[in-house]
Amino acid sequence: MSSVDILAIETSCDETAAAVVRGGREVLSNIISSQIDLHTLYGGVVPEIASRKHIEKINQVAGQALHEAGRNLSDMDAIAVTYGPGLVGALLVGVSAAKAMSFASGIPLVGVHHIEGHISANYIENKELEPPFVCLVVSGGHSHLVVVRDYGEYEILGRTRDDAAGEAFDKVARAIGLGYPGGPKIDKVSRQGNPDAIQFPRAKVADAVYDFSFSGLKSAVLNYLNSCEMKGIPVCQADVAASFQKAVVDVLVEHSLMAVEESGIDKFAIAGGVASNQALREALAEACRQKGVAFYRPSPILCTDNAAMIGAAAYYEYQKGVRHGYDLNAVPNLKLGDRA
Ligand code: KG4
Ligand code: ZN
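Per chain, the residues get numbers from 1 upward, laid out in the order the sequence is written. Here the convention is simple: chains get letters from A, ligands get numbers from 1, in the order in which they are written. The predicted origin of the model limits local features to residues at a pLDDT of at least 70 and limits the giving and counting of side-chain atom pairs to 80 or more, whereas totals for whole chains, interfaces and linings rest on all residues. Side-chain measures here rest on the full set of heavy atoms in the structure, leaving out hydrogens and waters.

1. A closer look at the sheet that holds strand E5 (residues 109-113)
- Note: two strands are recorded as paired if DSSP finds a minimum of 2 bridges between them. A run of DSSP states H or I qualifies as a helix once it reaches four residues; a run of E qualifies as a strand once it reaches two. Both are numbered from the N-terminal end. If you trace the 5 strands from one edge of the open sheet to the other, you get E3-E2-E1-E4-E5, paired in mixed fashion. Every interior strand has two partners, whereas the edge strands, strand E3 (26-34) and E5, have only one. Between one strand and the next, the sheet's axes are offset by a mean angle of 20°, whatever the strand orientation.
- Both strand E2 (residues 15-22) and E3 contribute to a ladder of 8 bridges, which runs antiparallel. All axes are obtained by fitting lines to C-alpha atoms, using only the stretch in contact for helices, and the reported angles, taken between N-to-C directions, cover 0 to 180 degrees.

2. Looking at the domain arrangement of the chain
- Domain delimitation in this document rests on an assignment produced automatically or drawn from a domain database. Entries for the chain in the domain assignment read domain 1 (5-120 + 302-319) and domain 2 (131-298).
- For domain 1 and domain 2, the distance between their C-alpha centres works out to 27 Å.
- When two components associate, each loses some accessible surface as probed by a 1.4 Å sphere; the sum of these losses over both components is called the buried area. Buried area between domain 1 and domain 2, both sides added, is near 1500 Å², and the carbon and sulfur share of it is 72%.
- Salt bridge criterion: a side-chain nitrogen from Lys or Arg within 4 Å of a carboxyl oxygen from Asp or Glu. Where domain 1 packs against domain 2, one counts 0 salt bridges.
- For the side of domain 1 that touches domain 2, the secondary structure elements donating two or more residues are helix H1 (36-40), helix H4 (114-125), helix H10 (300-303) and helix H11 (308-319).
- When residues of the side of domain 1 that touches domain 2 are assigned to their parent elements, the largest contribution, 4 residues, is made by H4.
- Its residues assigned to classes, the side of domain 1 that touches domain 2 shows 8 nonpolar, 6 polar and 4 charged. Gly is placed with the polar residues, together with every amino acid not listed as nonpolar (Ala, Val, Leu, Ile, Met, Phe, Trp, Tyr, Cys and Pro) or charged (Asp, Glu, Lys and Arg).

3. Some details on the pattern of salt bridges
- In this structure the tally under the stated criterion is 19 salt bridges.
- As a salt-bridge pair, Asp5 and Arg22 come within 2.8 Å of each other at their nearest N and O atoms. With Asp5 in strand E1 (residues 5-10) and Arg22 in strand E2, this residue pair connects regions lying 17 residues apart in the sequence.
- One network of salt bridges, with partners in common, ties together Glu116, Glu317, Lys320 and Arg339.

4. Remarks on the packing of helix H7 (residues 215-231) against helix H8 (residues 237-263)
- Where H7 contacts H8, the two axes come as close as 11 Å, and the packing angle between them is 160°. Classified by the angle between their axes, H7 and H8 sit roughly antiparallel to one another. Our pair here, H7 against H8, has a crossing hand that is right-handed. Between H7 and H8, the residues in contact are Leu217, Val221, Tyr224 and Leu225 and Val240, Phe244, Ala247 and Val248, respectively.
- Across the contact of H7 with H8, the residue classes break down as 8 nonpolar, no polar and no charged. An angle below 35 degrees is read as roughly parallel, one above 145 as roughly antiparallel, one from 65 to 115 as roughly perpendicular, and any other as oblique. Crossing chirality is assigned from the near helix's rotation relative to the far helix, an anticlockwise turn below a right angle marking it left-handed and a clockwise turn marking it right-handed. Any pair of residues with heavy atoms lying within 4.5 Å of one another is described as a contacting pair.

5. Quick word on the packing of aromatic side chains
- Any pair of Phe, Tyr and Trp rings, taking the six-membered ring for Trp, is counted once the centres come within 6.5 Å. Such a pair is stacked with planes under 30 degrees apart, edge-to-face with planes over 60 apart, and tilted for the rest. Enumeration over the complete set of coordinates arrives at 10 aromatic pairs.
- With centroids separated by 5.9 Å and ring planes inclined at 90°, the aromatic side chains of Phe200 and Tyr224 adopt a geometry described as edge-to-face. With a gap of 24 residues between them, Phe200 in the loop between helix H6 (182-190) and H7 and Tyr224 in helix H7 connect regions that are remote in the sequence.
- Note on Phe200: relative accessible area 4%, which makes it buried.
- Three exposure classes are used, based on accessible area relative to the maximum for each residue type with a 1.4 Å probe and protein chains only: buried under 20%, partly exposed in between, and exposed over 50%. Judged by its relative accessible area of 25%, Tyr224 falls in the partly exposed class.
- Ring-pair connections join several aromatic residues into one group, and the members of that group are Tyr123, Phe133, Tyr151, Tyr315 and Tyr316.
- Whether a charge sits over a ring depends on NZ of Lys or CZ of Arg being within 6 Å of the ring centre and within 35 degrees of the ring normal. The ring of Tyr318 carries Arg323 above its face, with NZ or CZ at 4.0 Å from the centroid.

6. Focus: the nonpolar core
- Nine residue types can take part in a nonpolar core, namely buried Ala, Val, Leu, Ile, Met, Phe, Trp, Tyr and Cys, and a core is a set of them joined through side-chain atoms within 4.5 Å. Among the nonpolar cores identified, the biggest contains 47 residues, and Leu136, Phe200, Phe244, Phe268 and Leu284 are the most heavily contacted of them.
- Where this core is concerned, the elements lending two or more residues are strand E6 (133-138), strand E7 (143-150), helix H5 (165-175), H6, H7, H8, strand E9 (267-271) and helix H9 (278-291).
- Broken down by element, the residue count for this core peaks at 12 residues, all from H8.
- Residue contacts for Phe244: discarding those within four places in its chain leaves Ala168, Phe169, Val172, Ile186, Phe200, Leu217 and Val221.

The following block contains the structure:
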C-alpha cells in the first residue's frame, strides 16, 4: 500500500471530524465530534450554532487525529478538506483551518467534494474494490444513482426531483413525533412496526426511470396522520415508521437493481447517512445476492459524515496531481463532478 499519509478535515454539516488516512484505504485515526445533542434542542441543524461549534472544536479534533495516528503534521503528505456541498459557514471553518495548516507547514492542500467522500468510504473496508461500479448515494442533502467510471469520474444516472431520502426520513420523523435526528430513530422504531400496515405510494418519475421523488410520500404520510386525527383513530407510530421506511427502501432497491442490470456492471455500492439504515442494507444485500451482484457497504460509522472518507477520496485526487491554492473557497452547492 502506498505510504501517502493525508490529514483530512470535514465540517460540512454538524460533525467536526478529522482523520489520518494512509494510501486512501488504511485509516490510522478517525475522530468525529458530533453536535447532535446541541441541535436536538432545536429539532434540526442550526447553521450558526454549527459554525460556532466547529470553530471551538476543529483544532482539538485535528490534533487528536494526528495524535491517535502517532503522527505529526510535518509527517503528512497532504491536508485534505471538504469544500462543498454543505452549509457555507460550517464548510468555511474547515476550509480556513486546512488552509492555515497548509500555509504554516508548506504541506499541499487538496479540496474534496463531500459526496465523492461518501462514495470513497467504500474503498476503506473493501481493499479490492475498484471502479467501475454502480453507487447509490443517499444522504441528508442528496439522493443520486451514479456509475463510478473511474476514481473521481462519475456518470449520474438519476437524482431526486425534490426531497433527498434523508430529508424525507427527517421530516416524517418530526411529523410522527420522533424528533431529530430522524433517520436513526425511524430505523430503530420500525423494528417494532409492521411494514405492510399502511400502503404508502412508491413514486415513479415518468420521463426519467432512475430519478427519485420523495415529497409525495412525505405528503401521503402527513395526509394519513391528518385523516387519523380527524376520524379519531389512534396512530401506531411504529407501523407508520415501518411502512414509510418500506416505501423508501422499495424504490431505492428497484432503481438500484435496474441501474445495475442495464449498466452491465456487477458491482454495487451504497453511500451516505441513509446507507446506514438496517432495512435498506438488508434489502439490497438480498437483492444483490439473488442477482449475483457483489454488494459493498461501508460500516454505519463510515456512512454518516466522517473525515476518513474525505482522506480516501483525497488520495486519488492527490495521485492525479490535484493541489488547491490558498484561494480555495467553500462552495455550498457544489455539484457532483464539478471541480474548484
Ligand atoms: O451523509 P449524512 O451524515 O450527512 C449529509 O451529507 O447529509 O446523512 C445524514 C442523513 C440524515 O438525513 C439522517 O436522518 C440520515 O442520513 N440517516 C439515516 C440513518 N442514519 C442517518 N436515515 C435512515 N436510517 C438511518 N439509520
Ligand atoms: Zn454527508
